Amino acid sequence: MAAAVGAPSVVIASGSDVARWAPLDRDLHPVLWHDMPCRPCAFHACPTDHECARGVAVDDVLAQVRRQLERQEISHA
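Let us look at the structure shown here. Sequence order as written defines residue numbering, which begins from 1 separately in each chain. Reporting in this predicted model follows two pLDDT cut-offs: at least 70 for local features of residues, and 80 or more for side-chain atom pairs to be given and counted; totals over whole chains, interfaces and linings ignore these cut-offs and use all residues. Side-chain calculation: all heavy atoms of the structure are included, whereas hydrogens and water are not.

1. Let's talk about the overall build of the protein
Threshold: Numbered from the N terminus, helices here are DSSP runs of H or I no shorter than four residues, and strands are runs of E no shorter than two. Each residue is assigned to one of three classes by its accessible area relative to the maximum for its type, calculated with a 1.4 Å probe on protein chains only: buried under 20%, partly exposed between the two thresholds, exposed over 50%. We call two residues in contact whenever any of their non-hydrogen atoms come within 4.5 Å of each other. For accessible areas, the Shrake-Rupley method is used with a probe of radius 1.4 Å. Any residue's cover is judged against the shown protein chains and nothing else.
When helices and strands are counted, the protein shows 4 helices and 2 strands. In the protein, the succession of α and β elements from N to C terminus is α-β-α-β-α-α. Overall, the protein is about 50 × 25 × 15 Å in size when its C-alpha atoms are taken along their principal axes. Taking all 77 residues of the protein together, the buried fraction comes to 21%. The contacts of the protein with a sequence gap of at least 6 include a subset with a gap of at least 24, amounting to 43%. Looking at the protein as shown, the accessible area adds up to about 5,700 Å², and 58% of this sits on carbon and sulfur atoms.

2. Considerations on the environment of A13
Relative to the helices and strands, A13 resides in strand β1 (residues 11–13). Separated by 26 residues in the primary sequence, A13 and R39 have C-alpha atoms spaced 11 Å apart. In this structure, A13 is in contact with V18, V31, L32, W33, R39 and C52, ignoring residues within four places of it in sequence.

3. What to know about helix α4 (residues 58–75)
Every α-helical turn comprises 3.6 residues, leaving residues that sit three or four positions apart pointing alike. Threshold: Helix span is expected to be 1.5 Å times the residue number reduced by one.
Its 18 residues give α4 an end-to-end C-alpha distance of 26 Å, which sits within 8% of 26 Å, the value for a rise of 1.5 Å per residue. In this structure, the buried side of α4 is in contact with β1 and β2 (31–33).

4. A short note on the pattern of salt bridges
The test is simple: Any Lys or Arg side-chain nitrogen found within 4 Å of a carboxyl oxygen on Asp or Glu counts as a salt bridge.
Applying the stated criterion across every chain yields a total of 1 salt bridge. Note that R54 and D49 form a salt bridge whose closest N and O atoms lie 4.0 Å from each other.

Put into structure tokens, the structure is as follows:
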């Protein structure tokens, strides 16, 4: 949705193929993901308790959000 309206976002990719499904504008929509040998996921039921999602640290997400907010402040100054 953010990509469609040109709003910045931070994308958290769980088991998807980041190269295939990430937004085209990685500056406006940076993608955070945790590498797993089962990526891209093809499992109906996760055999690793969603380690791909849990591997994206909250601190990393918050840091990326702060960078996005700072970029917006700079571009609107």
